[in-house]
Amino acid sequence: MTRPMSHPLPDQRPSLPSRLLPRLLLTPAVATLFLWMIVPLVMTVYFSVIRFNLMQPDQSGFVGLENFEYFITDASFGTAVGNTLLLLGSVIAITVVLGVAIALLINEPFAGRGLVRVLLISPFFVMPTVNALLWKNMMMNPLYGVLAQVWLFFGATPVDWLTDFPLLSVIIMVAWQWLPFATLIFMTALQSMNREQLEASRMDGANYGQQLHYLYIPHLGRSVAVVVMIELIFLLSVFAEIYTTTGGGPGDASTNVAFLIFKQALLNFDAGVASAGALFAVVLANIAAVFMIRMVGKNLDK
């Protein structure tokens, strides 16, 4: 008995031209993105290891890590790092706590809920400079600001916020602008909750506190991690609010790392030290990003 002849299957792998075509089409976009990211970084690294002061153009040359040493040993460096960490922690804590509270408050249906949601989200779309000007002139002005009028109404002496509490004032401004972002994320997360589970817990006699502890908060865990990660990355570069209101003062009371780099670059005209500070900020941001990405990843795996 003879076996039937078997015909070889045609090669299913794509041909070389068909594999190269998508890569060739992507090459211009990838190359442009690569140059847009790498060229500024390479230039920053280059300026950070040379002497480049715009007020002393005749003095130049390779200095190694001298710019980094000068930036780190600056009298304002420790205060700037401390203010940066305090600003980050305070704004994140305020936005997460109040964001969760507001999201829970407006989660249930009520008349005008759509309008309330729009009004709550709108501050996030205000530009940082405009946000700072609003708080500086309309809210915190010690003569005609809204807070001053409230103090006078209760017979108290108005507070000069930007002079007496400069860093707290910046924290309030930044938290006010980022609170809608956190609230929006938490509102979206609450919409995906299992309503049958909530109804079952009510039928079993669970009060609101128990539902909050065992259902709402665990469900919002992933959203909290995402909000913390995004805010941590973006809040490292807070600058407009400080520049517009306090100017980093009084003294260094409201100076953060971003504003210290600005002072070195434009006030001292030292591009080399400013580049070293920028690289320090990049390293700090990447450390924070890696830490938060790992935290978010663990949270998502649960």
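Because the structure is predicted, anything quoted here is derived from the model rather than measured.

Engineer: Which parts of the structure should I look at to understand the layout of surface pockets?
Structural biologist: Left-over empty space is what a probe sized like a water molecule reveals as it rolls over the atoms. Roughly 380 Å³ of volume is contained in the largest pocket. Elements supplying a minimum of two residues to the lining of the largest pocket: α1 (16-48), α13 (257-267) and α14 (271-301). With six residues, the top contributor of residues to the lining of the largest pocket is α14. For the lining of the largest pocket, the per-class residue count stands at 14 nonpolar, two polar and no charged. What the second largest pocket holds in volume is close to 210 Å³. As for the second largest pocket, its lining consists of 15 residues, and the residues nearest its centre are Pro128, Gln177, Trp178, Phe234 and Glu241. Among the elements of the structure, α8 (166-191), α11 (221-235) and α12 (240-245) are those that each provide at least two residues to the lining of the second largest pocket. The element best represented in the lining of the second largest pocket is α8, accounting for three residues. Of the residues assigned to the lining of the second largest pocket, the class counts are 12 nonpolar, two polar and one charged.

Engineer: Please explain the packing of helix α5 (residues 128-139) against α8 as it appears in this structure.
Structural biologist: Each pair of packed helices can be summarised by the angle the axes make with each other and by the distance between the axes. Across the interface, α5 lies against α8 with an axial gap of 10 Å and an inter-helix angle of 125 degrees. Considered as vectors, α5 and α8 are oriented oblique to each other. Read as a crossing pair, α5 and α8 show a hand that is right-handed. Residues Pro128, Asn131, Ala132 and Trp135 of α5 form the contact with α8, whose participating residues are Ile172, Met173, Trp176 and Gln177.

Engineer: How should the packing of aromatic side chains be read in this particular structure?
Structural biologist: Remark: the centre distance and the inter-plane angle together describe each pair of aromatic rings, the angle taken between the planes. On inspection of all chains with the given rule, the structure shows 19 aromatic pairs. Measuring from ring centre to ring centre gives 5.6 Å for Phe71 and Phe77, while their planes differ by 75 degrees; the resulting arrangement is edge-to-face. For the residue pair Phe71 and Phe77, the accessibility class agrees, reading buried in each case. One aromatic cluster is present, built from ring pairs that chain together Phe124, Phe125, Trp178, Phe181 and Phe234.

Engineer: Where do I start with the side chain of Thr244 in this structure?
Structural biologist: Its location among the elements puts Thr244 in helix α12. Residues within four places of Thr244 in sequence aside, it is in contact with Thr129, Ala132, Leu133 and Lys136.

Engineer: I would appreciate a short explanation of the side chain of Asn53 in the present structure.
Structural biologist: Mapped onto the secondary structure, Asn53 falls in the loop between α1 and α2 (66-72). By relative accessible area, which is 13% here, Asn53 ends up buried. When residues no more than four places from it in sequence are discounted, the contact partners of Asn53 are Asn268, Phe269 and Asp270.

Engineer: What is the right way to read the pattern of salt bridges from this model?
Structural biologist: Side-chain pairing between opposite charges can occur once the charged atoms of the two side chains come close. If you walk through the whole model with that rule in mind, you get two salt bridges. The shortest N-O distance in the salt bridge between Glu66 and Arg51 comes to 3.4 Å. Note that Glu66 is positioned in helix α2 and Arg51 in the loop between α1 and α2, a separation of 15 residues in sequence. In this structure Glu66 comes out as partly exposed when scored by relative accessible area, which is 41%. Look at Arg51 and you get partly exposed, because its relative accessible area is 30%.

Engineer: I tried to follow the nonpolar core on my own but got confused; where do I start?
Structural biologist: With 37 residues, the main nonpolar core has Val91, Val174, Phe186, Leu190 and Leu235 as its most contacted residues. Mapped onto this core, the elements with two or more residues apiece are α3 (77-105), α8, α10 (208-219), α11 and α13. It is α8 that contributes the most residues to this core, 12 residues altogether. In this structure Leu190 touches Ala103, Leu104, Asn107, Arg195, Tyr216 and Leu220, once residues within four positions along its chain are discounted.

Engineer: Sorry if this is basic, but what is going on with the environment of Leu147 here?
Structural biologist: Note that Leu147 resides in helix α6 (residues 146-153). Put simply, Leu147 and Val159 are 12 residues apart on the chain and 8.2 Å apart in space, counted from C-alpha to C-alpha. Setting aside residues up to four positions removed in sequence, Leu147 forms contacts with Met139, Met140 and Trp161.

Engineer: So what exactly am I meant to see when it comes to a nonpolar patch on the surface here?
Structural biologist: Side chains of Met127, Val130, Leu134, Met138 and Trp176 sit close together on the surface and give an oily, nonpolar patch of about 450 Å² of accessible area. For the nonpolar patch, the element with the highest residue contribution is α5, accounting for three residues. Relative to the helices and strands, Val130 resides in helix α5. On the basis of relative accessibility, which here comes to 35%, the residue Val130 falls in the partly exposed class.

Engineer: I tried to follow the environment of Pro250 on my own but got confused; where do I start?
Structural biologist: Checked against the element boundaries, Pro250 lands in the loop between α12 and α13. Considered as a pair, Pro250 and Thr163 are 87 residues apart in the sequence and their alpha carbons are 6.6 Å apart. Contact partners of Pro250, with chain neighbours within four places excluded, come to Leu162, Thr163 and Pro166.

Procedures and definitions
- Residues numbered from 1 in each chain as written.
- Predicted model: local features only at pLDDT ≥ 70, side-chain atom pairs only at ≥ 80, totals over all residues.
- Heavy atoms only, no water.
- 1 Å grid on protein atoms, 1.4 Å probe; cavity = no way out; pocket = protein on both sides within 12 Å on 5 of 7 lines; lining within 4 Å.
- Points joined across faces, edges and corners; volume = space filled by probe spheres on them.
- Helix = DSSP H or I, 4+ residues; strand = E, 2+ residues; numbered from the N terminus.
- Nonpolar A, V, L, I, M, F, W, Y, C, P; charged D, E, K, R; others polar.
- Axes fitted to C-alpha atoms, helices over the stretch in contact; angles between N-to-C directions.
- Parallel < 35°, antiparallel > 145°, perpendicular 65-115°, else oblique.
- Left-handed = near helix turned anticlockwise from the far one by under 90°.
- Contact = heavy atoms within 4.5 Å.
- Phe/Tyr/Trp six-rings, centres within 6.5 Å; stacked < 30°, edge-to-face > 60°.
- Buried < 20%, exposed > 50% of the residue type's maximum accessible area, 1.4 Å probe, protein only.
- Salt bridge = Lys/Arg side-chain N within 4 Å of Asp/Glu carboxyl O.
- Core = buried A, V, L, I, M, F, W, Y, C linked by side-chain atoms within 4.5 Å.
- Patch = residues over 30% accessible without salt bridge, like charges linked within 9 Å, V, L, I, M, F, W, Y side chains within 5 Å.
- Areas by Shrake-Rupley, 256 points an atom, 1.4 Å probe, with all protein chains shown as cover.

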